[in-house]
Amino acid sequence: DNHEVLEAVLSADAAERLGVDLGGEVSAGVGEKAQKLTIVGITDVPPVPAGGGRPPMVLGPAAGGLYVPMKLAEKILDRPAQISFVSLILDPETDVHRFRFAWSPRLNRMDPPLKFQDSRELEQALNESATAENLRMQSYAATGISLLAALFIIFTTLNMGVTERSRQFAILRAVALTRPQVAALIGVEAIALAVLGWLGGVAAGYGLLLVASRLNPGLTDEGEVIIGKWSLMLSAGCAFGGAICAAIVPACRAMRLRPLDAIAPQAPSGHGRHLLAATITGAILVTLNPLLTFVIPVPDAVRYAIHATVGCTSMAVGFILLSPAAVLFTERLIAPMMAFLMRLEPRLLAGQLSGNLWRTVGTSVAMTVGLGLFVAMQVWGYTMLRPFEPGTWVPGALVAILPDGLPSDAIDEVRKLPGFDPATVMPLAVEQPKLAEDITGSAERATVTRQDNVVLVGLDPDRGIGGSDPLLKMEWVAGSPESAIPLLKSQRGCIVPDYFCRETGLGLGDTFDLNPPADNEKVITYRIAGVVRLPGSHWMTKLSGMRLRAARSAALCFADFATVEADFPQGNVRFFWGNGYGPIDPAAIGEAARELAEKVDGRAFSLVEEGLPQFDRGPRVRITTPEEVTRRIRGRADGWIWSLSQLPLVTLAVSSIGLLNAIMASVRARSWDLGVLRAIGFTRSAIVRVVVAEALLIGIVACVLSLSFGILAGWCGSGISQYVSFFGGLHPDLTVPWAKLSIGIGAALSLCILAGAWPALTIGRVEPLRLLQAGRGTL
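Residues numbered from 1 in each chain as written. Predicted model: local features only at pLDDT ≥ 70, side-chain atom pairs only at ≥ 80, totals over all residues. Heavy atoms only, no water.

Chemist: Teacher, can you tell me more about the side chain of Thr293 here?
Modeler: Looking at where Thr293 falls in the secondary structure, it is placed in helix H9 (residues 272-295). Contact partners of Thr293, with chain neighbours within four places excluded, come to Arg303, His307, Cys716, Gly719 and Ile720. (Helix = DSSP H or I, 4+ residues; strand = E, 2+ residues; numbered from the N terminus. Contact = heavy atoms within 4.5 Å.)

In structure tokens form, the structure reads like this:
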């Protein structure tokens, strides 16, 4: 209709982003169906009924966008209108959780099933899916990590300068300067370094943004790169604030120098007096975080805040205090082995690290900032991943024939599928009923283990869990197959995973109630006959299609086939589990199962090989193997964990500048010593190896500190995630991915070799006479 009024209302955020005001126009639609719409109103984001919080970006209507009449939307989209969301405004006196559990079974019976979401779930979905917020948090984390690395690099540089120029400062004190003036000199040097670093960093960041915008034009508006005022202020604050903090200790050292120190012999730096106290204090602080995470009871509401402020801070300070002990440990145990490998006299490496202890400590800690975070990310990520990988309890393949399954008289044909051992193929009765009561606490905080339903699988108890060679070889936590099988057959017993018992507080012999999808008023009671470990059960139910009525489920439970069939009538059999004579060929079994399904059902079936779309209603056959599930989980997790680990590796590379400074300072300070070695017969190659060996020893100190810090931090991080993360609740054992950690360790040692190579080769080319001319007392 050419006379139709094409008007719309735009959200305030979208209007600002598009630069549109009242009376302006926007284009909506694609191609010939695009319409020019006049903006007649601008509105804030609409509130969410029945509670606070912002509307979600994924599970609900758009938080900000274009609002048009339904008829106009049909014209723009060229399809009939479909209701996707229904918003309810409840009476203020209504119990939202009681209302939810009363309606959930009814919504579950609809085709496709509908999901009830309250404001808390919508807000949680927003928090989990807000990519922009995640990127912002990553940028803040990058700023913090960079600040730490820069702080230690500047601290090490200034500290080395005070050590090397101690006689210069003493003479300046004797001639004219006061103590505050000497401190001001160090401060000016720190500010100069900060200015150079800030200007260079801003220029480098702007250049990287230009390159990124050219490679990805959609990254910025019209390819324009702008560094905002806030970014400049934040970067300047970090640069200059870090430089001032790093200058405090060197300035205090310079202020303590006396004019007499210009002619007094330089005494070796002593560290034995305070080393024991620092080690004991550091050990106490390091143990505080594990105690707060795993031992000391802390309310869940403040657990993460205490972990972040007290636990992490005390652990970081503790490892800094332990770093001098790590230096001496490495020098005592590793230096002799390094001398043997490098074919050097062991005494050449004795005392090289402890001779200037604080220089070594500062350099090692600077490298630990990046490498330690890399180790922590890897340990935390793969520890959290471990419970989602299918364990050895999972049979070789699960065949799903959806949505209607096969009649029971076709089971013998399924056993004949190529690759299956007929004696192991077992039909399953699968349902996803609601819990009659919220025993998992999903209404308080939904997690992967705290949901309002379970996946209930009925099987033959004797063949499934009994005998010497059961189909499901599960690790029993409570009960046994011998005691559980009679209960499954006669008393509506079931086997539940250990995490279900942790969340609900139930144990062996306790009961819980379920509502059948067909009759939400009916209550069916099941008794816990056994508790087992089921690693990977969540992803097995997700990828196999066992989650028939909801996208998430609290647990995978096993019961008797006949009992489940009677309580939740199935009609046909939709799932079959079995093992093969050898490795399973999913493609061969899937194709044979598809042909069988088409022969029995008469309709065309598709073979789903890569993932099962949730609530896909078309006839389909899905073959799920534990190897496939592991491969898909690993593929996703590896990419995600690696993306988190890139920033620490970049920080490690930047920290190698501090190592280069330390090695150059060490070479300058030992010029006369190295000249003596050359004069008495040491070759250039030996001098080069001495310098490289020192760089490697510093790298080994950093590796020792990083592994200790990273493993402990990753372990505590996975522990605290059980209480704050959606994927918590499974309480995994510590997993240390040594193969992945070797990448970071190898990178650190390689950077040490590169950082030591330039000073080593430079000093190796200098003639002995020039080295001796430096003299021990040169200013």
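Chemist: Would you explain the environment of Thr281 in this entry?
Modeler: The topology assignment puts Thr281 in helix H9. According to the relative accessible area criterion, Thr281 is partly exposed, its value standing at 38%. As for Thr281 and Leu321, which are separated by 40 residues in sequence, their C-alpha atoms are 7.3 Å apart. Among the polar contacts listed, one links the side chain of Thr281 to the backbone oxygen of Ala277, at a separation of 2.8 Å. (Buried < 20%, exposed > 50% of the residue type's maximum accessible area, 1.4 Å probe, protein only. Polar contact = N/O pair within 3.5 Å; in protein donor to acceptor, adjacent residues only side chain to side chain.)

Chemist: Explanation requested: the pattern of salt bridges in the structure shown.
Modeler: Close approach of charged atoms allows side chains with opposite charge to pair. Under the counting rule described, the total for this entry stands at 19 salt bridges. Put simply, Arg603 and Asp404 hold a salt bridge, and the shortest N to O gap is 2.8 Å. Linking Arg603 in the loop between helix H19 (586-601) and strand E15 (606-608) with Asp404 in the loop between strand E5 (397-402) and helix H13 (411-415), this pair joins segments that are 199 residues apart in sequence. A residue is classified by how much of its surface remains accessible, and Arg603, at 35% relative accessible area, is partly exposed. The exposure class of Asp404 is partly exposed, given its relative accessible area of 39%. Between Asp412 and Arg415 there is a salt bridge, with the nearest N and O atoms lying 3.1 Å from each other. With Asp412 and Arg415 both in helix H13 and 3 residues apart, this pair spans about one turn of that helix. (Salt bridge = Lys/Arg side-chain N within 4 Å of Asp/Glu carboxyl O.)

Chemist: What should I look at first to understand the pairing of strand E8 (residues 455-459) in this one?
Modeler: For a regular strand, side chains alternate in direction, first toward one face of the sheet and then toward the other. Most of E8 sits out of view: 5 of its 5 residues are buried. The alternating pattern of E8 places Val455, Val457 and Leu459 and Leu456 and Gly458 on opposite faces, both of which are buried. Relative to E8, strand E6 (residues 426-431) runs antiparallel, the two sharing 3 bridges. The partner of Val430 across the bridge, within E8, is Val457. In this sheet, strand E13 (residues 556-560) lies alongside E8 in parallel orientation, the contact comprising 5 bridges. What sits directly across from Gly458, in E13, is Ala559. (Pairing = 2+ DSSP bridges.)

Chemist: Explanation requested: helix H8 (residues 229-255) in the structure shown.
Modeler: Along an α-helix, a turn takes 3.6 residues, which lines up residues three or four apart on a common side. Between its terminal C-alpha atoms H8 stretches 37 Å, which fits the 39 Å expected from 27 residues at 1.5 Å a residue. At Ile248, H8 shows its largest bend, some 35 degrees, and a proline, Pro250, comes one to four positions later. Of all the residues in H8, the buried ones are Ala236, Cys238, Ala239, Gly242, Ala243, Ala246, Ala247, Pro250, Ala251 and Ala254. (Expected span 1.5 Å × (residues − 1). Bend = angle between axes of the 7 residues up to and from the residue.)

Chemist: What should I look at first to understand unusual backbone geometry in this one?
Modeler: Excluding glycine, residues mostly carry a negative phi; peptide bonds, for their part, are mostly trans. Pro403 follows Leu402 through a cis peptide bond whose omega is 5 degrees. Topologically, Pro403 is positioned in the loop between E5 and H13. One non-glycine residue with positive phi stands out, namely Arg343, at about 55 degrees. Position of Arg343 relative to the elements: it lies in the loop between helix H10 (300-342) and helix H11 (346-349). Overall, the relative accessible area of 75% leaves Arg343 in the exposed class. Residue His731 is not a glycine yet carries a positive backbone phi of 50 degrees.

Chemist: Any chance you could explain the sheet that holds strand E2 (residues 25-28) here in plain terms?
Modeler: In sheet architecture, strand pairing relies on hydrogen bonds along the backbone and comes in two forms, parallel and antiparallel. Read from one edge to the other, the open sheet built from 4 strands follows the order E2-E3-E1-E4, with strand pairing classed as mixed. The sheet is open, and its two borders are formed by E2 and strand E4 (66-67), each paired with just one other strand. The pairing of strand E1 (residues 7-11) with strand E3 (residues 35-43) spans 5 bridges and is classified as parallel. Within the sheet, the bridge partner assigned to Glu7 lies in E3 and is Thr38. Along the sheet face, helix H2 (residues 70-77) touches E1, E2 and E3 and points at about 140 degrees away from the line of E3. (Axes fitted to C-alpha atoms, helices over the stretch in contact; angles between N-to-C directions.)

Chemist: Just to check I follow, could you spell out the nonpolar core for this structure?
Modeler: Soluble globular proteins tend to bury their nonpolar side chains together. Grouped together as the largest cluster of nonpolar side chains are 61 residues, with contacts concentrated most on Tyr526, Met546, Phe558 and Trp577. It is strand E12 (residues 524-533) that contributes the most residues to this core, 6 residues altogether. Residues Val327, Ala339, Leu649 and Val690 belong to the second largest nonpolar core, which totals 52 residues. (Core = buried A, V, L, I, M, F, W, Y, C linked by side-chain atoms within 4.5 Å.)

Chemist: Just checking my understanding: could you explain the packing of aromatic side chains for this structure?
Modeler: Aromatic ring pairs are described here by two measures, namely the spacing of the ring centres and the angle between the planes. On inspection of all chains with the given rule, the structure shows 9 aromatic pairs. Residues Trp198 and Phe240 carry aromatic rings whose centres are separated by 6.1 Å and whose planes lie at 55 degrees to one another, so their mutual orientation is tilted. With Trp198 in helix H7 (residues 179-215) and Phe240 in helix H8, this residue pair connects regions lying 42 residues apart in the sequence. Of the residues examined, Trp198 reaches a relative accessible area of 24% and is grouped as partly exposed. Owing to a relative accessible area of 23%, Phe240 belongs among the partly exposed residues under this scheme. Note on Phe726 and Phe727: the rings are 5.3 Å apart at their centroids and 90 degrees apart in plane angle, and the pair reads as edge-to-face. In this structure an aromatic cluster arises from ring pairing among Phe388, Phe726 and Phe727. Between the NZ or CZ atom of Arg492 and the centre of the ring of Tyr526, over which it lies, the distance is 5.8 Å. Positioned above the aromatic ring of Trp539, the side-chain terminus of Lys542 is 5.8 Å from the ring centre. (Phe/Tyr/Trp six-rings, centres within 6.5 Å; stacked < 30°, edge-to-face > 60°. Lys NZ or Arg CZ within 6 Å of the ring centre and 35° of its normal.)

Chemist: Please explain a nonpolar patch on the surface as it appears in this structure.
Modeler: A contiguous nonpolar patch, built from Leu291, Phe294, Val295, Ile296, Trp715 and Leu734 and spanning about 510 Å² of accessible area, is present on the exposed surface. Ranked by residue count, the leading element in the nonpolar patch is H9, at 3 residues. In this structure, Ile296 sits in the loop between H9 and H10. (Patch = residues over 30% accessible without salt bridge, like charges linked within 9 Å, V, L, I, M, F, W, Y side chains within 5 Å. Areas by Shrake-Rupley, 256 points an atom, 1.4 Å probe, with all protein chains shown as cover.)

Chemist: What should I look at first to understand helix H22 (residues 684-724) in this one?
Modeler: With 41 residues, H22 extends 58 Å between its outermost C-alpha atoms, agreeing within 8% with the 60 Å of an ideal straight helix rising 1.5 Å per residue. Burial analysis of H22 places 31 of its 41 residues in the buried class, which makes it a mostly covered element.

Chemist: Before we go on, may I ask you to explain the state of the cysteines in this structure?
Modeler: A covalent bond between the sulfur atoms of two cysteines is what we call a disulfide. By the definition in use, this model includes 0 disulfides. Here Cys703 stays free of any disulfide, with the sulfur of Cys752 as its closest cysteine sulfur at 6.8 Å. Of the cysteine sulfurs around Cys716, a residue in no disulfide, the closest is that of Cys312, at 7.8 Å. Residue Cys716 is classed as buried on the basis of its relative accessible area of 0%. (Disulfide = S-S within 2.5 Å.)

Chemist: When you look at the pairing of strand E14 (residues 575-578) in this model, what are you seeing that I'm missing?
Modeler: Of the two faces of E14, both are covered, the one formed by Phe575 and Trp577 as well as the one formed by Phe576 and Gly578. For E5 and E14, the ladder comprises 4 bridges, and the chain directions are antiparallel. Among the inter-strand pairings, Leu398 is bridged to a residue of E14, identified as Trp577. Strand direction decides the pairing type here: E6 and E14, joined by 3 bridges, are antiparallel. Bridging from a neighbouring strand, Pro427 pairs with Phe576 of E14.

Chemist: When you look at the environment of Leu674 in this model, what are you seeing that I'm missing?
Modeler: Tracing the sequence through the fold places Leu674 in helix H21 (residues 671-679). Sequence separation of Leu674 and Val690 is 16 residues, and the distance between their C-alpha atoms is 9.7 Å. Among all residues touching Leu674, those that are not within four sequence positions of it are Val667, Ile687, Ile763 and Leu771.

Chemist: Got a minute to help me understand the packing of helix H12 (residues 357-385) against helix H23 (residues 738-765) in this structure?
Modeler: Geometry of a packed helix pair, given as the angle between the helix axes and the separation of the axes. Where H12 meets H23, the axes come as close as 9 Å, and the angle between the chain directions of the two elements is 170 degrees. On the basis of the axis angle, H12 is roughly antiparallel to H23. Together, Met367, Leu371, Phe374, Val375, Gln378, Val379 and Tyr382 of H12 and Lys740, Leu741, Gly744, Ile745, Ala748 and Cys752 of H23 make up the contact between the two elements. For the contact of H12 with H23, the residue count by class is 10 nonpolar, 2 polar and 1 charged. (Parallel < 35°, antiparallel > 145°, perpendicular 65-115°, else oblique. Nonpolar A, V, L, I, M, F, W, Y, C, P; charged D, E, K, R; others polar.)

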